[in-house]
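Chain by chain, the residues run as shown.
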Amino acid sequence: MAGRQRDSEEEFGRGKRGSALVLVVLFIFVLFGFAALSLDVANVYREKHRVHMATDAGALAGVAKLGDSAAAIAEARFITNTNGVTDAEITAGPPGDIQVGLWNGSTFTANATPFNAVRVPALRTVTNHFANIGGPLGFPVMRPSVESIATIGARPIPYGVPGCVADTVPVGGTNILQNWNNVACSSSSGNWGPLDLCGTLNGAKKTEDAISGPGCFSTIGQSTGTSPGNDGVEAGFNHLCDQTIVLPVTSDFPNGNNGPVTIEDYIIVKVLCPSTGSGSGWQLKVVILGRGFNDLKKFGLGPIRVLVE
């Protein structure tokens, strides 16, 4: 009787050891599976980073040639190829090829004018070395996709001059910054020109700080909010006496509300202090030194290329 009991205990022990062995084998299999997947995922992220660096470089190179959209696309393609991304990988990425278009400050619209941005997509097929093991349950490849969008612009003082005003003053002439409702070609009652390019216009002090510099990035074709009223405008320009600055040329300001307006161009001006008047009678003279990207270059004020995505 005692012998049979010992035999049963030994068989039970062997059964427990057998079950434990099965569990260990399963655990090792799962552990190696996660390790393999981690290695493959790390490889995919590394390849995605390489591709993204190449498309970033391509977009930045292309946007510098946006005076000619075909040349911009060709330059973007050449630099992207040079950095290791093939034409097939570019066309595989949505939307299917390099595009020029409009960046309005938040979104890119392909083929919309004025052209101020270049988008470079890419999709790379990365072969998995470990996760492919396992037959139909394996993952033979992963396909990370990227896109880079670059735009070109300037860093102006966030104070707009309506195009109907700027267009009447030649380079070398004197312009007057004022309540734009006083200008015959403008209907913008109550608006003196502050733009919310910096995202900070909220009260006199913040308006003063924004206008006093150093400026905030913007691009031609960008839509931006405005701030009616003179609070902070005069104090902001008092910090800029005798300085050469960039101001945006905009569409006409809306009548007494917060915008938006569209940036149409840039002018380079010298601020002539002191200003005259106050409140609705405030005026400040500036001399027009130049206009557009070419003049920005001459004065060492831009243009600036930035990645926005």
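Please refer to the structure placed before this passage.
This text gives an overview of the structure that appears in the document. The structure displayed is predicted, hence computed values, not measured ones.

**Focus: the pattern of salt bridges**
Then comes step 1: For the structure on display, the rule yields ten salt bridges.
Then comes step 2: The partner of Arg119 in a salt bridge is Glu147, with the nearest N and O atoms 3.7 Å apart. You can see Arg119 sitting in strand β3 (residues 117-123) and its partner Glu147 sitting in strand β6 (residues 145-153), a full 28 residues away along the chain.
Then comes step 3: Each of Glu47, Arg50, Glu89 and Arg124 takes part in one network of salt bridges that share partners.

**Examining the sheet that holds β3**
Then comes step 1: Read from one edge to the other, the open sheet built from five strands follows the order β2-β1-β3-β6-β13, with strand pairing classed as antiparallel. A single partner strand is all that each edge strand has here, and the edge strands are β2 (108-110) and β13 (304-307). Strand-to-strand twist of the sheet, defined as the mean angle between neighbouring strand axes without regard to direction, takes the value 35°.
Then comes step 2: Summarising the sheet, β3 and β6 pair through seven bridges and their orientation is antiparallel. Pairing of Leu123 across the sheet is with Ser145, part of β6.
Then comes step 3: Seen against the sheet, helix α2 (residues 69-82) touches β1 (99-103) and β3 and runs at an angle of roughly 35° to β3.

**Here we look at the pairing of strand β10 (residues 244-250)**
Then comes step 1: In terms of residue burial, β10 counts as a mostly covered element, since six of its seven residues are buried.
Then comes step 2: Strand direction decides the pairing type here: strand β7 (residues 161-162) and β10, joined by two bridges, are parallel. In the sheet register, Pro162 faces β10, and the bridge partner there is Thr250.

**A short note on the layout of surface pockets**
Picture a little ball the size of a water molecule; that probe, rolled over the atoms, points out where space is still empty.
Then comes step 1: Taken as a whole, the second largest pocket encloses approximately 310 Å³ of empty space.
Then comes step 2: Taken together, 15 residues line the second largest pocket, and the ones lying closest to its centre are Val63, Leu66, Gly67, Ile152 and Phe293.
Then comes step 3: In terms of residues, the lining of the second largest pocket owes the most to one element, helix α7 (residues 292-298), which gives three residues.
Then comes step 4: Partitioned by chemical class, the residues of the lining of the second largest pocket number nine nonpolar, four polar and two charged.

Rules of the game
Residues numbered from 1 in each chain as written. Predicted model: local features only at pLDDT ≥ 70, side-chain atom pairs only at ≥ 80, totals over all residues. Heavy atoms only, no water. Salt bridge = Lys/Arg side-chain N within 4 Å of Asp/Glu carboxyl O. Helix = DSSP H or I, 4+ residues; strand = E, 2+ residues; numbered from the N terminus. Pairing = 2+ DSSP bridges. Axes fitted to C-alpha atoms, helices over the stretch in contact; angles between N-to-C directions. Contact = heavy atoms within 4.5 Å. Buried < 20%, exposed > 50% of the residue type's maximum accessible area, 1.4 Å probe, protein only. 1 Å grid on protein atoms, 1.4 Å probe; cavity = no way out; pocket = protein on both sides within 12 Å on 5 of 7 lines; lining within 4 Å. Points joined across faces, edges and corners; volume = space filled by probe spheres on them. Nonpolar A, V, L, I, M, F, W, Y, C, P; charged D, E, K, R; others polar.

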